[in-house]
Amino acid sequence: MKPTVLAFSLLSLAPLAAADSPYFDQELPGATAKLFAKDTVSVTGRYEYGIAFSKDLDEIYFSGQKDGKPAAIYSSKLVDGAWQPIKQEAFTKGQKAGEMQPFFSPDGRQLLFTAYNADFTDTKFWTVERVTDGWGAAKKLASPINNSEVFYSTLASNGDLFFTNIIESSVYHAPLVDGEYPKVDKVGIELGIHGFISPQQDYLLVDAKATGDGRKDRDIYVYFKQPNGGWSEPVSLGSEVNSTHSETVPSVTPDGKYLFFSRYDEEGGISNLYWISSEVIDKVRPAPKLTGPYLGQKVPGEIPEVFAPGIVSSQQRDYSGFFSPDMREFYFTRKAKDENKWSLISYKNVNGSWQPQPTEPRVGRPILSPDGNTMHLGKQFKTRTAEGWSDLQSLGAPYEDIRIMRLMSSAKGTYVLDEGTRDGTGVIRYARIVDGKREAPQPFGREINAGKWNAHPFIAPDESYMIWDGERPSGYGDNDLYISFRQPDGSWGEGINMGDKINTEAADAGAIVTPDGKYLFFNRSGDGDGDIYWVDAKVLEELRGE
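Keep in mind the model is a prediction, meaning the values are calculated, not measured.

## Remarks on the overall build of the chain
So, point 1. Of the regular secondary structure elements, the chain holds three helices and 45 strands.
So, point 2. Relative to its length of 546 residues, the chain is compact, with a C-alpha radius of gyration of 26 Å against a globular reference of 24 Å.
So, point 3. Here the C-alpha coordinates of the chain stretch approximately 85 × 50 × 45 Å along the principal axes.
So, point 4. Expressed as a percentage of the 546 residues in the chain, the buried residues total 54%.
So, point 5. Here the chain contributes 58 positively and 76 negatively charged side chains, and the mean placements of these two sets differ by 1 Å.

And the structure:
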């Protein structure tokens, strides 16, 4: 297949230069698109398109095609600070003539790619799994996705797969369900192919026929996710990306910093790889109009979904999302990827519209009291005033001696608090008010403090249940969420793992139930980043019945 808008010189024989940057040792681009790795990746006389970096930015795979032959996948790896010679892969070992458009799974353990016959038929998705010395045997993806002719697969952080149906020239979506892709559906956008989905599914990049009198080339457009779950109108990425040549097959690096695409600007209409700061996407992002409950977001069902992608859940580390009791304020914390600094971000509903409020430095793990008049901040707190919040105040002894991450209170005034330790042996404690006086903090029993890394307790306002996160041998991987229900005799029931719909191999932590009791918020994170998720809180009642 000639790589038309639908979709080498001799390879280096010695290791490439030592890497001063994680992007193949290339000088970083700014707001102007630059040719990527001239004479090494982008070489004269060869079509290049469909590039993928590993999550640690130490592997690179891309498609190359020359002399009318089927496409091949090329790769290089960063070893001991130097990029190794580019080599041609042959994942299907001759079962298929062409292999192209590689893409990593979010955890980096799998590589998806398109493979096809010499006459560009039987165009399907294949996968290879990572093994000790590289990649295992290639397998055709077992899914209804492959019931049609398809190409260019990209995956969101939750594993959902987006792809192009070649016959229909349309972008489709296949949600990941129990490790498989049992169904597919159209994305429902106006135009475009080669759809790249952002990790949080807050935007979708495509290429489509350029607009304008006499234009014959293709441009790159972006769709933004709307609060109702639909997509915006397509927005051109402008002259910084699009030219009088065709631009196709967009993708963004795993760190979210750079947009890659192919530009057919070489003599003979041959494509090379270009890159540019991904800020070009944010530049055309319309300011969100947030109206309605829950920041105007479409509510989830029984499967957790990222909350407010692109608004709250971003490319940074976002954590601890919670509403005020009157549901008119929303708070969350964020840590910038390249900074060891946390911020407290908030929105306020003013005349029916959610408005961002001034950002503040984060102190402790913020959470509101059931009456909304106290913001707990670990061993410190603020109280609500007519103008906003008071200055920081200290809880004093004995809390000063405990390394508290989250402390919160019930409607009865009971404190529940955790203890951060280096070895995970910290316990969750409670401190009741008895006869008008607060008791000293004392640990919960083994129902709650079993295992290790028990933290971030959430107690229901009426103290009927408590949720926390921790590690136990029977868990699903990293931290899992657990729940304990108050028994008729006042004791606490055994901790119950909240199940595989909530818990994953990643760290699932920081649970908070909305004041109206309808939704469970929590954080899912790994590799230093994370998103805020929410799910229908009826899962709590289902677990109560077990």
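## Section: the pairing of strand S27 (residues 353-356)
So, point 1. Examined bridge by bridge, strand S26 (residues 342-350) and S27 share four bridges and lie antiparallel to one another. Residue Val-350 lies in a different strand from S27, and its bridge partner there is Ser-353.
So, point 2. Adjacent in sequence and paired antiparallel, S26 and S27 are bridged by two residues, among which Asn-351 carries a positive phi angle near 55°.

## So, the packing of aromatic side chains
So, point 1. Enumeration according to the criterion identifies 46 aromatic pairs in this entry.
So, point 2. Between Phe-24 and Trp-83, the aromatic rings sit 5.0 Å apart at their centres with planes inclined by 50°, giving tilted as the arrangement. Residue Phe-24 is found in the segment before strand S1 (34-35), and its partner Trp-83 is found in strand S5 (residues 82-83); the two are separated by 59 residues along the sequence. The same class applies to Phe-24 as to Trp-83, namely buried.
So, point 3. Between the aromatic rings of Tyr-399 and Tyr-415, the centroid separation amounts to 5.9 Å while the plane-to-plane angle is 70°, which identifies the pairing as edge-to-face. Of this pair, Tyr-399 sits in the loop between strand S32 (393-394) and strand S33 (407-409) while Tyr-415 sits in strand S34 (residues 415-417); the two residues are 16 residues apart in sequence, bridging distant segments of the chain.
So, point 4. Of the residues examined, Tyr-399 reaches a relative accessible area of 4% and is grouped as buried.
So, point 5. Linked through ring pairs, Tyr-294, Phe-307, Phe-323, Phe-330, Phe-332, Trp-354, Tyr-519, Phe-521 and Trp-534 together constitute an aromatic cluster.
So, point 6. Against the face of Trp-231 rests Lys-225, its NZ or CZ located 4.8 Å from the ring centre.
So, point 7. Note that Arg-263 overlies the ring of Tyr-274, its terminal NZ or CZ placed 4.6 Å from the centroid.

## Quick notes on the sheet that holds S32
Backbone-to-backbone hydrogen bonds pair the strands of a sheet. The strands run either parallel or antiparallel.
So, point 1. Read from one edge of the open sheet, four strands run S29-S30-S31-S32, paired in antiparallel fashion. The two strands at the open ends of the sheet, each matched to only one other strand, are strand S29 (366-368) and S32.
So, point 2. Two elements, strand S30 (residues 374-377) and strand S31 (residues 380-383), share four bridges in a ladder whose sense is antiparallel. Across the sheet, residue Met-375 finds its bridge partner in S31, namely Lys-382.

## Concerning the side chain of Ser-262
So, point 1. By secondary structure assignment, the location of Ser-262 is in strand S21 (residues 258-266).
So, point 2. Relative accessible area serves as the criterion here: at 0%, Ser-262 is assigned to the buried category.
So, point 3. A polar contact is formed between the side chain of Ser-262 and the backbone oxygen of Glu-48, at a distance of 2.8 Å.
So, point 4. Ignoring any residue separated from it by four or fewer positions in sequence, one finds Ser-262 in contact with Glu-48, Tyr-49, Gly-50, Ser-246, Glu-247, Thr-248, Val-249, Ser-271, Asn-272 and Leu-273.

## Some remarks on the pattern of salt bridges
So, point 1. A full pass over the atoms with the stated rule returns 26 salt bridges.
So, point 2. Glu-360 serves as the salt-bridge partner of Lys-382, at 3.4 Å between the closest nitrogen and oxygen. A residue pair is termed long-range when its members are at least 10 positions apart, and Lys-382 in strand S31 and Glu-360 in strand S28 (residues 360-361) qualify at 22 residues.
So, point 3. By relative accessible area, Glu-360 is classed as partly exposed at 35%.
So, point 4. With a shortest N-O distance of 2.7 Å, Arg-524 and Asp-508 are connected by a salt bridge. Note that Arg-524 is positioned in strand S44 (residues 519-526) and Asp-508 in strand S43 (residues 507-513), a separation of 16 residues in sequence. Grouping residues by exposure puts Arg-524 and Asp-508 together as buried.
So, point 5. Within the structure, one salt-bridge network assembled from shared partners comprises Lys-96, Asp-122 and Lys-140.

The rules behind each value
- The numbers attached to residues start from 1 for each chain and follow its sequence in the written order.
- Local features in this predicted model are restricted to residues of pLDDT 70 or higher, and side-chain atom pairs are both shown and tallied only at a pLDDT of 80 or more, whereas totals for entire chains, interfaces and linings draw on every residue.
- Values reported for side chains reflect all heavy atoms of the structure, with hydrogen atoms and water molecules removed beforehand.
- Put simply, DSSP marks the helices as runs of H or I at least four residues long and the strands as runs of E at least two long, and each gets a number from the N terminus on.
- Note that the radius of gyration is over C-alpha atoms, with the globule rule given as 2.2 Å times the number of residues to the power 0.38.
- Burial status follows relative accessibility: with a 1.4 Å probe on protein chains alone, a residue under 20% of its type maximum counts as buried, one over 50% as exposed, and anything between as partly exposed.
- Here the positive residues are Lys and Arg and the negative ones are Asp and Glu; neither His nor the chain ends is included.
- The atoms used to mark charge sites are NZ of Lys, CZ of Arg, CG of Asp and CD of Glu.
- A strand pair is defined by DSSP finding two or more bridges across the two strands.
- Working definition: rings of Phe, Tyr and Trp (its six-membered ring) pair if their centres are within 6.5 Å, and the pair is stacked with planes under 30 degrees apart, edge-to-face with planes over 60 apart, and tilted otherwise.
- Note on criteria: charge over ring means Lys NZ or Arg CZ within 6 Å of the ring centre, with the direction from the centre no more than 35 degrees off the ring normal.
- Contacts described as polar in this section are N or O atom pairs within 3.5 Å, which, within protein, must combine one atom able to donate a hydrogen with one able to accept it, while residues neighboring in sequence count only if both atoms come from side chains.
- A contact between two residues is defined here by any heavy atoms of the two lying within 4.5 Å.
- Salt bridges are defined as contacts in which a side-chain nitrogen from Lys or Arg sits within 4 Å of a carboxyl oxygen from Asp or Glu.

Function cannot be inferred from these measures alone, as they are strictly geometric.
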